[in-house]
Amino acid sequence: MDLIWQGIREALRLVLTGDPGVWQITLLTLRVSGAALLIALVLGLPAAALLAFGRFPGRQVFASAVNAGMGLPPVVVGLLVTILLWRSGPLGFLEMLFTPSAMVLAQTIIALPIVTGLAMAALQALNPRLRLQLLALGASPVQAAALLLYEARGALLAAVMAAGGRLLAEVGAVLMVGGNIRGLTRVLTTATVLETSMGKFETAIALGIILLALSFALNASLTALQQRGRRP
Amino acid sequence: MSGPLAALREVRVRYGDRTVLAVEALTVERGEILALLGPNGAGKSTLLRILTLLEAPAAGEVVFEGTPITAAERPRWRRRLACCFQEPLLLDTTALANAALPLRLRGVPRREAERRALAWLTRLGVAGRADRRAASLSGGEAQRVSLARALALEPELLGLDEPFAPLDPESREPLQEEFLALQRERAMTAVLVTHDRAEALRLGDRVAVLLEGHLAQVGPAAEVFTRPASEAVARLVGADAILEGTVLGSGEGLLTLDVAGHRVQAVGSLPAGQRALLCLRPEDVTLLPAAEMGRPSSARNNLPARVVRLVPAGPLLRVHLDCGAPLSALVSRPSATALGLMEGMAVIATFKASAAHPLPRPALRPEAPAVRFLP
């Protein structure tokens, strides 16, 4: 028990004193996962609208692939991105491996199917005649898709929470493509792994608490947004 | 500009290998309400979606102002039309934002769009609900907002797919009246899909009857309702008291027929010897006590009949009769009481020659089984 109390005291000290190392790690975590989430939303929402409303050959196969991709193991993504970015790999010339950009790329690949799959389900859960009505009022297909995405905003926030939580907690892929380099690619999860393996439990617990707090803050604010104006 | 606003030419719609709609020709004139009347599954909604450019037919063309609409022109023309459906289909925002939405989609600035939308909400009596969210509106209010939303566009063609059907009678009839007044005031062109013949008669300038994907009759509402082109149309428009007979002779626009051994007169002309159907609206059949047989009456035809069954039909009673052939009459409850109507009772069924619409039999229904028409 002593170990845990010490950990919590250390965590409070690190947070309250604004330890530059911890700050840097926390900010990088937010930047990497935030960027990946944003890119996944920008790509995933139009893709979801296309899969939900489009009529083109292979739509079913794409939709199945997206749903299967929601459970993509991060280490497989890490492996894939590592091979792509390896010095002799197809994208090796970018010299991106072991940089935050590589981490964003890997996390985007993890988040994209989650955002796309959940958004597609949210759009398909709407009344199908709603789209016909919007078109019948002169909306272009793009305007109709945007309005329907907004109409499904509650379910979309759930998708953002699911994807965001997954990215913040994700360790396998960022470790493989980032390399856990101090001051450069070390994030909360990889730092926690390292500190624990070195037996420095106080720091590990402190990092873990910050991670939990971030995750809670993200979900609490999105939940507040989702439930706003809703009364049973 | 002259000529019809819109027209369909040789339109075919197939779902899989099933043809659900086959319309040779149909026009929509400017300023009219064209009612598309048909039973469920007849293809009415499909026809409306084709006409309002929401769906492309497998074959044939949709014509606006004399020009066939190509796929490339479809989006531009669709912006000049609007539809209102059976459900209000409002978005999860305020009534005002909903009503203003189609204008906003066309790039009208928010203030201007909301000003125009509010005017229509006011016109439809729901301005007091402008700031309420859609989910908090009653069914009738939501449908009024939905109608205001479509009307705010001042569309060149308004498609209405049974928008009054889900409303309760207390809110349906006032809304129908208000819509009719608006339509007359602005000379709007509208196509109204309905399975309710009372609504088609009340709102339609012309009625197009759709049966199993085919147009069975198109004409002025009064004509379709009194002179149905076929037995199926007659049944759909409520001229469903149908007698069978043989033409004995004709002259001066009046036919004499033999119906189950009785001589019956009807307005029309058919050759002698022709088997015929007489389509009557049951409300045009009146009942007299059997004792009054032979008394002169303004009604030309008197048939002795026996009451088979009394079935409540809303505020009225439907009286199933046997006069050698089945016949039915609609009577009010007070007159049923006055006559002392009961099952098995003998009465006289009377109707005017002008109320009976004769059709040659087989009556324009080649798809009906031929064996039915054998004597």
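Within every chain, residues take consecutive numbers counted from 1 along the sequence as written. Written order decides the labels, with chains lettered from A and ligands numbered from 1. The predicted nature of this model means local features are confined to residues of pLDDT at least 70 and side-chain atom pairs, given and counted, to a pLDDT of 80 or more, with totals for whole chains, interfaces and linings taken over all residues.

A. Layout of the confidence of the model for chain A. Mean pLDDT over chain A works out to 92, with 98% of the residues at or above the 70 mark. pLDDT measures how confident the predictor is about each residue, on a scale from 0 to 100. Labels follow the DSSP assignment, with helices taken as runs of H or I lasting at least four residues and strands as runs of E lasting at least two, numbered in each case from the N terminus. Across chain A, element-level confidence peaks in helix α5 (residues 100-124) of chain A with a mean pLDDT of 97 and bottoms out in helix α1 (residues 2-16) of chain A with 81.

B. Up close: the domain arrangement of chain B. When the domains of chain B are assigned, the result is domain 1 (6-226) and domain 2 (241-373). Reported domain spans reflect what an automatic or database domain assignment gives. For domain 1 of chain B versus domain 2 of chain B, the distance between C-alpha centres works out to 38 Å.

C. Region of interest: the nonpolar core. Counting residues in each nonpolar core, the largest one holds 177 residues, and the members touching the most others are Ala106(A), Leu36(B), Leu121(B), Ala148(B), Val209(B), Leu278(B) and Ala349(B). Taken together, domain 1 (6-226) and domain 2 (241-373) of chain B each give at least three residues to this core, which thus spans both. Leave out the neighbours within four places in its chain, and Ala349(B) touches Val285(B), Leu287(B), Leu303(B), Ala305(B), Leu321(B), Cys323(B), Leu327(B) and Ala329(B). By convention the nonpolar core is taken to be a set of buried residues drawn from Ala, Val, Leu, Ile, Met, Phe, Trp, Tyr and Cys and joined through C-beta atoms within 7 Å. As a rule, residues whose C-beta atom has 12 or fewer other C-beta atoms within 10 Å are exposed, those with 20 or more are buried, and those in between are partly exposed; C-beta atoms are placed from the backbone. Remark: residues whose backbone-derived C-beta atoms lie within 7 Å of one another are considered to be in contact.

D. Summary view of the environment of Arg79(B). Looking at where Arg79(B) falls in the secondary structure, it is placed in the loop between α2 (74-78) and β6 (81-84). Given 19 C-beta atoms within 10 Å, Arg79(B) falls into the partly exposed group. Once the C-alpha coordinates of Arg79(B) and Leu53(B) are considered, the two residues, 26 residues apart in sequence, prove to be 9.8 Å apart. Once you skip the residues sitting within four places of it in the chain, Arg79(B) turns out to touch Gly138(A) and Arg106(B).

E. Main features of the sheet that holds strand β15 (residues 286-289) of chain B. Residues and elements named next belong to chain B. Taken in spatial order, the five strands line up as β15-β19-β16-β17-β18 in an open sheet, and their pairing is antiparallel. Edge positions in the sheet fall to β15 and β18 (326-332), since each of these pairs with one other strand and no more. Going across the sheet, the axis of each strand differs from the next one's by a mean of 50°, ignoring polarity. Judged from the six bridges that link them, strand β16 (residues 301-313) and strand β19 (residues 346-351) form a sheet pairing that is antiparallel. Counterpart to Arg306 in the pairing with β19 is Ala346. Strand pairing is assigned whenever DSSP identifies at least 2 bridges connecting the two strands. Between N-to-C directions, angles cover 0 to 180 degrees, with each direction set by a line fitted to C-alpha atoms, over the stretch in contact for helices.

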